[in-house]
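The residues making up each chain are set out below.
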Amino acid sequence: MQTGEFGRAIRRWRDRVDPDAAGVATGPRRRAPGLRREELAALAGISVDYLTRLEQGRATAPSEQVVEALARALRLNADERAHLFALAGRDPGAGVVSGHVPPSVQRLLDRFEGIPMVVYDAAWNLVVANAPYDALMGATSMLRGRERNAVWRNILGPASRARRSADEHDAQVASLVADLRATAARHPADARLRDLVADLRAASERFAELWDTVADAPSSGGGRRKIIDHPLVGPIQVDCDTLVVAQDGLRIMLYTAEPGTADAERLQLAIVLGTQSLVES
């Protein structure tokens, strides 16, 4: 790994990112250009201390997952992403689940202003969420390690704000496990995915049972209605629609409410209150 150049590249690219475009809530006193170190760390899902050590060349072996997360948070194009991997001494790899956010998906995140959106990779690892999503569902920057995987969260926690009956929860878990198994079949060379499955099998008898008996995966796309129990606004009924990016296998989830309804008003209020809270913190 080219430690010095890797850190310099991160700092250089961090300085050019527009915080507003990256979905970072900023206060009126902000003067420094680009992203602050803690903001980039939150967007990439790593600790500020680890990012500091990477930038200073004191951490010398970032994983492919960390490099991918930094490339996404820094909004690198394909050539810049390849360069960052090369500086880290890593290969993006063929046949593995990609967390790369292509420009077309980034445009959706940028332009669907005010709509809660979250993006997962094909293994249901959280890639990126916008500020309205965090305002509605809770700060994704607080999720660490396996908590950033939707299959893990739905089986082992932490709890979601989405209200579900026991039957609804069981059906969602079965669907996620089926989809994960289909992803594993398409990416047999992905060691990180194999580790995830092994950890889930070791932690959950229910997962192991479903993994061994689950039928063919249903379509990951489509939509369903949810009730979100927001801590400040109360229950909000929303439509959760999932779009699948065929080439990359990304899952894009959008949360909307029927226009002109009380739920739409509560959703907007939850977004405003949550965004204000992010700015003040």
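Relevant structure appears above.
Residues numbered from 1 in each chain as written. Predicted model: local features only at pLDDT ≥ 70, side-chain atom pairs only at ≥ 80, totals over all residues. Heavy atoms only, no water.

(A) Representation of the overall build of the protein chain. Regarding its fold elements, the protein chain presents 12 helices and 6 strands. Here the C-alpha atoms of the protein chain give a radius of gyration of 19 Å, agreeing with the 19 Å that 2.2 N^0.38 yields for 281 residues. Considered along the principal axes of its C-alpha atoms, the protein chain spans approximately 55 × 45 × 30 Å. Buried positions account for 46% of the 281 residues belonging to the protein chain. Across the protein chain, contacts joining residues at least 24 apart in sequence account for 58% of those joining residues at least 6 apart. Here the protein chain displays about 13900 Å² of accessible surface, and carbon together with sulfur accounts for 50% of that area. Side chains of the protein chain give 36 positive and 37 negative charges; the mean places of these two sets differ by 5 Å. (Helix = DSSP H or I, 4+ residues; strand = E, 2+ residues; numbered from the N terminus. Rg over C-alpha atoms; globule rule 2.2 N^0.38 Å. Buried < 20%, exposed > 50% of the residue type's maximum accessible area, 1.4 Å probe, protein only. Contact = heavy atoms within 4.5 Å. Areas by Shrake-Rupley, 256 points an atom, 1.4 Å probe, with all protein chains shown as cover. Lys, Arg positive; Asp, Glu negative; His and termini not counted. Charge placed at Lys NZ, Arg CZ, Asp CG, Glu CD.)

(B) Representation of the pairing of strand β2 (residues 126-129) within the structure. Here strand β1 (residues 117-120) runs beside β2; their pairing, made up of 3 bridges, is antiparallel. Residue pairing for β2: Val119 is matched across the bridge by Val128. The hairpin turn running from β1 into β2, its antiparallel successor, is 5 residues long, and Trp124 in that turn takes a positive phi close to 65 degrees. (Pairing = 2+ DSSP bridges.)

(C) Representation of helix α4 (residues 64-73). Counted residue by residue, α4 has 8 buried out of 10 residues, so it is predominantly covered. Restricting attention to buried positions, one finds in α4 the residues Val66, Val67, Glu68, Ala69, Leu70, Ala71, Arg72 and Ala73. Just beyond α4, the residue with positive phi is Arg75, at close to 60 degrees.

(D) Focus on the packing of aromatic side chains. Applying the stated criterion across every chain, the model contains 3 aromatic pairs. Here Arg12 stacks its cationic end above the ring of Trp13, 5.7 Å away from the centre of that ring. (Phe/Tyr/Trp six-rings, centres within 6.5 Å; stacked < 30°, edge-to-face > 60°. Lys NZ or Arg CZ within 6 Å of the ring centre and 35° of its normal.)

(E) View of helix α10 (residues 191-203). Here α10 spans 18 Å end to end across 13 residues, near enough to the 18 Å set by a 1.5 Å rise per residue. Taken residue by residue, α10 has Leu193, Leu196, Val197 and Leu200 as its buried positions. On an axial view of α10, the arc spanned by its buried residues comes to 95 degrees, and they lie on one face. As for α10, its buried residues are in contact with α8 (150-156), α9 (166-186) and α11 (205-213). N-cap assignment for α10: the residue whose side-chain oxygen lies 3.0 Å from the backbone N of Arg192 is Asp190. (Expected span 1.5 Å × (residues − 1). Arc of directions from axis to C-beta. Polar contact = N/O pair within 3.5 Å; in protein donor to acceptor, adjacent residues only side chain to side chain.)

(F) Just the side chain of Gln172, in detail. Mapped onto the elements of the fold, Gln172 is located in helix α9. Among all residues touching Gln172, those that are not within four sequence positions of it are Asn154, Arg164 and Arg224.

(G) The arrangement of unusual backbone geometry in detail. Looking along the chain, the bond that leaves Gly157 and enters Pro158 is cis, with omega of 10 degrees. By the element assignment, Pro158 lies in the loop between α8 and β3 (162-163). Residue Trp124 is not a glycine yet carries a positive backbone phi of 65 degrees. Mapped onto the secondary structure, Trp124 falls in the loop between β1 and β2. Owing to a relative accessible area of 7%, Trp124 belongs among the buried residues under this scheme.

(H) Up close: the nonpolar core. Core analysis: the biggest nonpolar cluster contains 38 residues, and Tyr120, Val151, Leu180, Phe207 and Tyr255 have the highest contact counts within it. Those residues within four positions of Phe207 in sequence are excluded, and the remaining contacts are Val151, Ile155, Val177, Leu180, Val197, Leu200 and Arg201. (Core = buried A, V, L, I, M, F, W, Y, C linked by side-chain atoms within 4.5 Å.)

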